[in-house]
Every structure is written in structure tokens, then in C-alpha cells.
Amino acid sequence: MRNSPSGTLRAIPDQTGRVAVVTGANSGIGYVTARELARRGAYVVLACRDPERGQAALARMRGEVPGARLELRRVDLGSLASIREFAAGWDRGRLDLLVNNAGVAMVPYALTIDGFESQFGVNHLGTFALTGLLLPHLLAAPDPRVVTVSSEGQRFARFDLANLNAERGYRTAFAYVQSKRANLYFAMELQRRADAAGQRLRSMAVAPGLTRTNVLTGGANGGRGRLYATLARLLVRVAFRPAPEGAKTSLYAATVPDLPGGSYIVPDGPLQLRGEPTRRTRERAIRDTATAARLWQLSERLTSVTYALSAATTTRLP
């Protein structure tokens, strides 16, 4: 997948027969990811928090990709009950691909329904719980993948396991990049545990680069006032690139046939802010197995979700 954005999207291999879930698929990177997977023949479930926005996205996508096999289902990653309901209602048998795209960014301090700081709760704990609860369906697929969207900003995180939930004060940017580092730790640790259990699951992490989405202006950021909205929109328009550019790393990680599990895919330009997808191996967090293991244990305790990974033969669902 090289060259122009349109060339990159055209290079996606045939996805016929794959069943995919894309969280946050109603806008931005998630929308493009879901649309292009569907364009290549995948059956795609748009997993969205807001049913109204989800329906609008579904209608738009069907107009852009006639004949696309699409479905909308509701899930709120800020609610463990909603995540459990989504997973319990899964009735399509195996799941070939889960793209953990949904998240919040740089929002004012708030708590999820379950009492977690919102960026940590949605971006990491929601992703951790959803993946774990869908794991039996993933393991039923012949070649399952999980793609988790981190951020180039994770490189600047001062990861503090004792302050993940803003126990000692809240700084918006600090909490955001820490939650995105958690995404990277999670993706790598999932791969290590799948390998240890002898499972074929491939877990990838990606950084999209600076991308024009509504993550800085929508959701909880929508109430930050006119000045913030004006400046944020100006910043996004001037410095950020279109959503199809940002979706390239997700689509690369989701579809390149020979990509090894545990890959971290980033833009190849300066500071990972723009460019074509490339595999990055020189990242300290990838090798920090001790912190990743401790985060995993903490996440299991906070979400009450335990991963059913074992070396036993997995029953294949239709």
C-alpha cells in the first residue's frame, strides 16, 4: 500500500467472506475504515455509540458503496454494561476482524458510567473489555485479527500505573497520551498471550498521524465554548490531513496478508505525523513487557473481564 491515498485504498486485497466490527464507524477514520472494508467485500458491523449518527453514517455509506453488506449495532465504550450487551448479542458466529477505533481525545475531566476517568475508561478499558468479551468469536475464525488505534502522541506519555484514573489530579493532554500508550501496551500484550496459548490471533496497533476527525470538536469537547471550537477547527483544517489518509494505517494492519502479529503500523513521515504505512519496531513500549503485564492485570480487575486464551483447540463457528 503505497503512493496516493486513492492508490492505497485501491490496493486493499479482497475481503469477501470476512466479518468485521469497526467501533466508532460513524465518522472520521472509523467511517473510512468500515467503508473500504465493505467496498472490498467484507460484512461490516458499524459499532457506534449514538444510534442517530450511526444511522446517518450507514445511509451515507450505502450510498457510496452500493451493495455493501453493512449493519449498525450500538455500543458505548464508556459503559461496561453496554459492552457486555453488545458482546452477548453477537449472533453472527465467527468474527474475523475487530478494529478498535472508537475513542475520545483531549476532553475535560469526566467520569464514565462505571466511575473511570473518561479517556482511560473509554480508550483503554472499553477497548480491553470489548475485545475480551468478543474473543471467543475471534478465536473461532481461521485467521482472526484485532487492530487497535493508538496515537503518535503515545511516544510522549509518562506512563504512571498508579495514576491511570487521574487519582492525583487531571491534565487533559497527559491523560490522553497515557490512554493511547495503554492501547499500544494492550495490543502487544494480547499478541504475546495469544502466542503463548498457541492461538492464530494477530493483534496489531496503529498510529494514524494527524487526521481531520471530530474527535477534538465533537462529543465532550462540544461544550467547551465558541473560542475553543473556532481554534480547534482552524487547527484541524490547517495542520491535519483528510480522514482517508489517517485510515491508511488501520486498513494496512487489517488487510495486508503477511503482516506478522504484534506489528505497530505508523506513517513513515517525520514524527509519524503523515506519510505511508510502515512497520515500526524501535518503540520502547513494544518491548516493555513488565508494564504491559501489570496493566493487563489491572484492566482485568477493573473491568471484571478475563480473557479465555488457552492452548486448547478452539471450536470453529460457522
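Everything in this summary refers to the structure shown in the same document.

Rules behind the numbers
- Residues numbered from 1 in each chain as written.
- Predicted model: local features only at pLDDT ≥ 70, side-chain atom pairs only at ≥ 80, totals over all residues.
- Heavy atoms only, no water.
- Pairing = 2+ DSSP bridges.
- Helix = DSSP H or I, 4+ residues; strand = E, 2+ residues; numbered from the N terminus.
- Axes fitted to C-alpha atoms, helices over the stretch in contact; angles between N-to-C directions.
- Expected span 1.5 Å × (residues − 1).
- Buried < 20%, exposed > 50% of the residue type's maximum accessible area, 1.4 Å probe, protein only.
- Polar contact = N/O pair within 3.5 Å; in protein donor to acceptor, adjacent residues only side chain to side chain.
- Contact = heavy atoms within 4.5 Å.
- Salt bridge = Lys/Arg side-chain N within 4 Å of Asp/Glu carboxyl O.
- Right-handed = clockwise from strand over helix to strand, strands pointing away.

Structural notes on the sheet that holds strand β6 (residues 202–206)
- As summarised here, the arrangement of the eight strands in space is β3-β2-β1-β4-β5-β6-β7-β8, forming an open sheet in which the pairing is mixed. The sheet terminates laterally at β3 (69–74) and β8 (277–279), the two strands that pair on one side only. Here the average twist between neighbouring strands, direction ignored, is 20 degrees.
- Bridging between strand β7 (residues 264–267) and β8 involves three bridges; their strand directions are antiparallel. Among the inter-strand pairings, V266 is bridged to a residue of β8, identified as T278.

Structural notes on helix α6 (residues 172–196)
- In a regular helix each residue adds 1.5 Å, so 25 residues correspond to 36 Å; α6 covers 36 Å between its end C-alpha atoms and thus fits that length.
- Of all 25 residues making up α6, 19 are buried, and the element is well covered by its neighbours.
- Backbone geometry just after α6 places G198 at a positive phi near 75 degrees.

With respect to the side chain of S179
- Relative to the helices and strands, S179 resides in helix α6.
- Polar side-chain contacts of S179 include one of 3.0 Å to the side chain of N123.
- Once residues within four sequence positions are removed from consideration, S179 is found in contact with Q119, F120, N123 and H124.

With respect to the pattern of salt bridges
- Overall, the coordinates contain 14 salt bridges when judged by the stated rule.
- The salt bridge partner of R192 is E189, with a shortest N-O separation of 3.0 Å. Within this pair, R192 and its partner E189 are both found in helix α6, separated by three residues, close to a single helical turn.
- The class of E189 is buried, set by a relative accessible area of 7%.
- One network of salt bridges, with partners in common, ties together R35, E36, R39, R60 and E64.

Quick notes on the pairing of strand β1 (residues 19–23)
- Where burial is concerned, most of β1 is hidden: five out of the five residues are buried.
- Burial along β1 is two-sided: the face carrying V19, V21 and T23 and the face carrying A20 and V22 are both buried.
- Examined bridge by bridge, β1 and strand β2 (residues 43–48) share five bridges and lie parallel to one another. The residue of β2 that forms the bridge with V19 is Y43.
- With helix α2 (residues 28–39) bridging β1 and the parallel β2, this β-α-β connection has right-handed handedness.
- Sheet analysis places β1 next to strand β4 (residues 97–100), joined by three bridges and oriented parallel. The partner of V21 across the bridge, within β4, is L98.

Bear in mind that shape data such as this cannot, by itself, settle questions of function.
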